[in-house]
Amino acid sequence: NRASAPEMEDDEDAEERACVLAEAAALKKLATDYMHPEVGVTATDGAAFGRNYFNRASAPETEDTDEAEERALVLAEAAALKKSAVDYMHPEVGVTTTDATVFGR
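Every value quoted in this text rests on a predicted model; they were computed, and no experiment measured them. (Residues numbered from 1 in each chain as written. Predicted model: local features only at pLDDT ≥ 70, side-chain atom pairs only at ≥ 80, totals over all residues. Heavy atoms only, no water.)

**Some thoughts on the overall build of the protein**
Link 1 in the chain: Helix and strand content of the protein: 2 helices and 0 strands.
Link 2 in the chain: A buried classification covers 1% of the 105 residues belonging to the protein.
Link 3 in the chain: Here the protein displays about 10800 Å² of accessible surface, and carbon together with sulfur accounts for 58% of that area. (Helix = DSSP H or I, 4+ residues; strand = E, 2+ residues; numbered from the N terminus. Buried < 20%, exposed > 50% of the residue type's maximum accessible area, 1.4 Å probe, protein only. Areas by Shrake-Rupley, 256 points an atom, 1.4 Å probe, with all protein chains shown as cover.)

This is the structure in structure tokens:
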């Protein structure tokens, strides 16, 4: 217990010091990752690559009849609008009819 002897560290203090240094290193890594987003993220944990069996790309798409009917209606309206737009933009294309009642006297 002389005054010139180097101080000895308890086991508890050594564990606390190691914990604080580990936390500081983790915070430094997080700060570096935040400040440099151009560095990609690497994951080595197997749990990070889990599969979602409900929304995966290879899952068959499901569509109920209401959605199918609505989609068919929207596509038919879009086709009619496209035909009207083409007819409006190209007046040189003549109007043709095959209905006999159009030529009535």
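**Thoughts on the environment of Ala-43**
Link 1 in the chain: Tracing the backbone shows Ala-43 in the loop between α1 (11–35) and α2 (65–89).
Link 2 in the chain: On the accessibility criterion, Ala-43 (41% relative accessible area) is partly exposed.
Link 3 in the chain: Not counting the four nearest positions on each side in its chain, Ala-43 is found in contact with Ala-48 and Phe-49. (Contact = heavy atoms within 4.5 Å.)

**Quick word on the pattern of salt bridges**
Link 1 in the chain: One pass over the structure, following the stated rule, counts 3 salt bridges.
Link 2 in the chain: Linking Arg-17 and Glu-9 is a salt bridge whose minimum nitrogen-to-oxygen distance equals 3.9 Å.
Link 3 in the chain: Taking the relative accessible area as the measure of exposure, Arg-17 reaches 51% and is therefore exposed.
Link 4 in the chain: Among the ionic pairs, Asp-87 bridges to Lys-83, the shortest N-O distance being 3.0 Å. Placement of both Asp-87 and Lys-83 in helix α2 is noted, with a separation of 4 residues, approximately one turn of the helix.
Link 5 in the chain: Since its relative accessible area comes to 42%, Asp-87 is described here as partly exposed. (Salt bridge = Lys/Arg side-chain N within 4 Å of Asp/Glu carboxyl O.)

**Some points on a negative patch on the surface**
Link 1 in the chain: Together, Asp-10, Asp-11, Glu-12, Asp-13, Glu-15, Glu-16 and Glu-23 make up a negatively charged patch on the protein surface.
Link 2 in the chain: In this fold, Asp-10 is placed in the segment before α1.
Link 3 in the chain: Looking at Asp-10, the relative accessible area reads 47%, which means it is partly exposed. (Patch = residues over 30% accessible without salt bridge, like charges linked within 9 Å, V, L, I, M, F, W, Y side chains within 5 Å. Lys, Arg positive; Asp, Glu negative; His and termini not counted. Charge placed at Lys NZ, Arg CZ, Asp CG, Glu CD.)

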